[in-house]
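A structural walkthrough
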Amino acid sequence: IAVVLWNGGTGGAETFSASLCKELRSRGVDAGMVFVTTPHPLAARLDADRIPYSALGLSSGKRVLLHPRALANAVGRLGRDGAITVSPGYLPATLRVGGYRARLVAVDHGHLLQLPNLGRLERGKRRVDVLSGRWASDVEVTVSDFMLSRLERERFRVSPVVRIYNGLDLSEYHADGSEVPRSRPF
């Protein structure tokens, strides 16, 4: 299984994806990561966890639109059985156009939640992005009941939508609660 990301930043999608690969590998699944731009700074964590990865080294995520075969080949090497993309937009579409034929799962972390805060032009670009990839994935996964109900109502739906809550390894958190002011509800 290949997890496909734009870059190796330190955001939620990147760290969650690295944790997912680590857990899959601990269960005997051959999982790795493919980056459109660069794997850094996440590369150090992947090396420490012995997670294989590759990077196309493109200057931006949108540059992958000019290199669909390179993306499909890189993902095919690490994800012969399937791939997971962190977006339902142009990334899955680019994989299909490039010739990737294995199972493809697109994860939507909540693009609809961001739309009201964007300007008209940016909102339009985001909608076009998501619509461009709707046909490409075998299934779209979202992380909340709210997003599931919203996505099920969207027009132009091709692939089924399922909800899988994000997991959390509670052993990584050791808060005793003293940081939360007692005068306010948690």
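For the structure, see preceding data.
A brief structural summary.

1. Remarks on the pairing of strand 4 (residues 82-85)
Here strand 4 shows no split at all, with Gly82 and Ile84 on one side and Ala83 and Thr85 on the other all buried. Summarising the sheet, strand 1 (residues 2-5) and strand 4 pair through three bridges and their orientation is parallel. The partner of Val4 across the bridge, within strand 4, is Thr85. Taken together, the four bridges between strand 4 and strand 5 (residues 103-108) define a ladder with parallel strand orientation. Bridging across to strand 5, Ile84 finds its partner in Val105. As for the winding sense of the linkage, the β-α-β connection from strand 4 through helix 4 (residues 90-97) to strand 5 is right-handed.

2. Structural notes on helix 3 (residues 68-78)
Every buried residue of helix 3 is accounted for by Pro68, Leu71, Ala72, Ala74, Val75 and Leu78. Taken around the axis of helix 3, the buried residues stretch over an arc of 165 degrees, which confines them to a single face. Along helix 3, the residues that are exposed and aim more than 90 degrees away from the buried face are Arg69 and Arg77. Against strand 1, strand 2 (32-35), strand 3 (53-55), strand 4 and helix 4 lie the buried residues of helix 3.

Conventions adopted
- Residues numbered from 1 in each chain as written.
- Predicted model: local features only at pLDDT ≥ 70, side-chain atom pairs only at ≥ 80, totals over all residues.
- Heavy atoms only, no water.
- Buried < 20%, exposed > 50% of the residue type's maximum accessible area, 1.4 Å probe, protein only.
- Helix = DSSP H or I, 4+ residues; strand = E, 2+ residues; numbered from the N terminus.
- Pairing = 2+ DSSP bridges.
- Right-handed = clockwise from strand over helix to strand, strands pointing away.
- Arc of directions from axis to C-beta.
- Contact = heavy atoms within 4.5 Å.

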